[in-house]
Amino acid sequence: MRNRRVAPLASALALCALLSACSRPDREESPPDSPPPSAHDAPPQGSIAELIWKIQDSEDAEECDHDAKPIQLEIARELDARKAELAAFRSQADSSRIGNADYRPRPLGPTRLWERVSPPVPIPGWQEDRDSWALIGESFRKIQDTPIDARWVRLEARVRGTLRDDLDRVVNGDWFYYTLGREGESLLQGSRPVVSACLADESCRVPEFDSAIATRAAENPLYRYFARKLGEITDPAERQAKLRSWLKWIDWALTGYDFKPNSTIRRVSSGYELPLLSGDLAGAEETLAHAIETTWSHSLGERRESVLARFDETELPGIFRLLLGQEAGSRAFVSFTQKTVNLYPEIVASTIAHEIGHVLGFPDHYYTVWEPATCTYLTQSRDDDVMSNHWSGGGVTAEEWQELSERYRNPEK
Ligand SMILES: [Zn+2]
C-alpha cells in the first residue's frame, strides 16, 4: 500500500513545485466556514508509517509537514521494523527512568502499571517545552545504530505523541486549538460578547476589542482572518454570515475548556464514588482503584477526601469503561461519546490519574501551540497539576478540589 502511494504523491509534489499553483490554501487565507463537527475521538490506528502518510496525503498539510517527511519516514521505517523488539524490551524492563524520575512496574491485568518511586520535585509556575521533527530527528541520529534500549522507547513515545498533534492539527481539523495557548480562554471569553454585539449592530463593520484583547486578537491567525475579511466586506448579509462563522469558531474552541459533569458520580462522606467498568483491565480493579486514589486524595481538616473507584455497576447509564489499546507509547485519551478510557500497554500510574480527571469532568490544563515559523510545538504546562503535567508527579490543585465539591454536591444537603 505504501509503494502504491509514494509515486503519485512524489510526482504531484514535483508538479506543484513547477507550477507553484497547487500549493495548500493558507488557512489564514481561507479557514473553513465552520469548525469541525465535534471532538473526534477515534484513536489513531496503524503503524507509524501509516499515520505519517495520513498527514502527508492531507490537502491541509503545511510546508513544515512536507519538509519533515524524509526524517519522519526514516524514523518510521526503523521504529516499525523494530516494533516487536521494542515491545519485548518494554515488557521485560523492571525499572525505568522517565524525565528525572525512577519508575517500577507492577502487574495490571494483561499489562503492567508503572509507578513513580522518586519523590516529585515540582517546579513552580508555568513551564514551556518545545519539540519538533527536527529535534526528534537529532535524537534519532544519536541512537539509530545502537541496539534497542530505553532511549528507543522514549523516541517511540515522542514520535507517537507528535503524530497525534500532527493528525489533530492537519487531518482532524483542530488547527485553531493549536493557535490558542494558555491565554486562549481569556481571548475567547473576552472577545465573544464583542463579536456578538457587532453581529447585532447594523453599523458595526469590524468588532473593536479593548486593548488587552486586541493585542492577542492581532496575534491569532483566525482572528486576523476574520478582521481582515470583515474590513473588505460591504454586503450586510455577507458581513453577518462572517460574524456568525466567527462566533461558531469561538464557541467550538470554548467547549475545550468546559467541565463535563459525570452523572454517575456520587458524593459520599469520604469523597466521590466513581463507578467504572474495568473492561480490558478486568482482574486489576484493586490496583486501578489504588492508582486513582493515590493522586485523587487530600486532607480536609481532620478527614481525608478521595475519589473512590467502584467496579461493580455494569448497567449504570453513562458509566465509563477502561480499554487497553495495542500500541504501547500511544497517548491515552478519554472518549466522551463512547464513554471509554483508552489506555495503552505498560501504562504509567499518573497517566491513569490524569485520564480519570477527564472522567471526573476536568479539561486538560496544558496547552500546545503550533509555531509554523519554526515547525515547532510549544507546550505550556504546570508541574503541580495532574491535569497539566502528570509526569511531574503533581497532584490535584485546591481549585480542582473546590470545583469537584461544587459540581458534585451531597444530595442529602
Ligand atoms: Zn488529557
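Residues numbered from 1 in each chain as written. Predicted model: local features only at pLDDT ≥ 70, side-chain atom pairs only at ≥ 80, totals over all residues.

Caption draft 1: Region of the structure containing the domain arrangement of the chain. Considered domain by domain, the chain is made up of domain 1 (32-39 + 48-81 + 130-259 + 371-382) and domain 2 (266-361 + 385-407). A straight line from the C-alpha centre of domain 1 to that of domain 2 covers 28 Å. Taken together, the contact between domain 1 and domain 2 spans 9 residues of the former and 11 residues of the latter. At the level of elements, helix H6 (150-171) and strand S14 (376-382) are the ones that each hand at least two residues to the side of domain 1 that touches domain 2. (Domains from an automatic or database assignment. Contact = placed C-beta atoms within 7 Å. Helix = DSSP H or I, 4+ residues; strand = E, 2+ residues; numbered from the N terminus.)

Caption draft 2: Representation of the sheet that holds strand S4 (residues 126-131). Sheet architecture is open: 3 strands sit in the order S4-S14-S13, paired in antiparallel fashion. Either end of the sheet is taken by a strand with one partner, and the two such strands are S4 and strand S13 (367-371). Along the sheet, successive strands turn relative to each other by an average axial angle of 20°, direction set aside. Where S4 meets S14, 6 bridges bridge the pair, whose relative direction is antiparallel. Within the sheet, the bridge partner assigned to Gln-127 lies in S14 and is Ser-381. (Pairing = 2+ DSSP bridges. Axes fitted to C-alpha atoms, helices over the stretch in contact; angles between N-to-C directions.)

Caption draft 3: Spotlight on the nonpolar core. Ranked by size, the top nonpolar core spans 36 residues in total, and within it Ile-292, Ile-347, Ile-352, Ala-353 and Ile-356 carry the most contacts. Among the elements that take part in this core, helix H12 (residues 349-360) stands out by supplying 6 residues, more than any other. Excluding residues that lie within four positions of it along the chain, Ile-356 makes contacts with Ile-292, Trp-296 and Val-307. Judged by nonpolar contacts, the second largest core, of 22 residues, contains Leu-188, Leu-222, Leu-243 and Trp-246. (Core = buried A, V, L, I, M, F, W, Y, C linked by C-beta atoms within 7 Å. Buried ≥ 20, exposed ≤ 12 C-beta atoms within 10 Å, placed from the backbone.)

Caption draft 4: Inspection of the confidence of the model for the chain at higher detail. Residues with a pLDDT of 70 or more make up 90% of the chain, whose mean pLDDT is 88. Averaged pLDDT values over the elements of the chain bottom out at 35 in helix H1 (residues 2-19) and peak at 98 in helix H5 (residues 133-143). For the stretch residues 1-25, pLDDT sits under 50, and the model shows 12 contacts to residues farther than four places along the chain or on other chains. (pLDDT = per-residue confidence, 0-100.)

Caption draft 5: Spotlight on the packing of helix H3 (residues 63-81) against H5. At a minimum axis separation of 10 Å, H3 and H5 run at an interaxial angle of 40°. In terms of their interaxial angle, H3 and H5 are classed as oblique. Relative to H5, the crossing made by H3 is left-handed. Mapping the contact onto sequence places Ala-68, Ile-71, Gln-72 and Ile-75 in H3 and Trp-133, Ile-136, Gly-137 and Phe-140 in H5. Looking at the contact of H3 with H5 residue by residue, the classes come out as 6 nonpolar, 2 polar and no charged. (Parallel < 35°, antiparallel > 145°, perpendicular 65-115°, else oblique. Left-handed = near helix turned anticlockwise from the far one by under 90°. Nonpolar A, V, L, I, M, F, W, Y, C, P; charged D, E, K, R; others polar.)

Caption draft 6: A look at the environment of Asp-57. Along the chain, Asp-57 falls in the loop between helix H2 (48-56) and H3. Exposure remark for Asp-57: the 14 C-beta atoms within 10 Å place this residue in the partly exposed category. Residues Asp-57 and Val-171, 114 residues apart in the sequence, show an inter-C-alpha distance of 9.3 Å.

Caption draft 7: Highlighting helix H9 (residues 221-232). A rise of 1.5 Å per residue sets the reference length of H9, with its 12 residues, at 16 Å; its end C-alpha atoms lie 17 Å apart and thus fit the reference within 8%. For H9, the set of buried residues is Leu-222, Tyr-223 and Phe-226. Down the axis of H9, the smallest arc covering the buried residues is 100°, so these residues share one side. Exposed side of H9, more than 90 degrees from the buried face: Gly-231 and Glu-232 are the residues found there. Against the buried residues of H9 lie helix H8 (211-219) and helix H10 (236-254). (Expected span 1.5 Å × (residues − 1). Arc of directions from axis to C-beta.)

Caption draft 8: Just the environment of Pro-70, in detail. Here Pro-70 is to be found in helix H3. For Pro-70, a count of 11 C-beta atoms within 10 Å corresponds to the exposed category. Spatially, the C-alpha atom of Pro-70 lies 22 Å from that of Gly-329, the residues being 259 residues apart in sequence.

Caption draft 9: Seen up close, the sheet that holds strand S1 (residues 96-98). Reading across from one edge, S1-S2-S3-S12 is the order of the 4 strands in this open sheet, with mixed pairing throughout. In the strand order of this sheet, the two ends are held by S1 and strand S12 (347-348), each with one partner. Examined bridge by bridge, S1 and strand S2 (residues 101-108) share 3 bridges and lie antiparallel to one another. Its bridge partner being in S2, Ile-98 is matched across the sheet by Ala-101.

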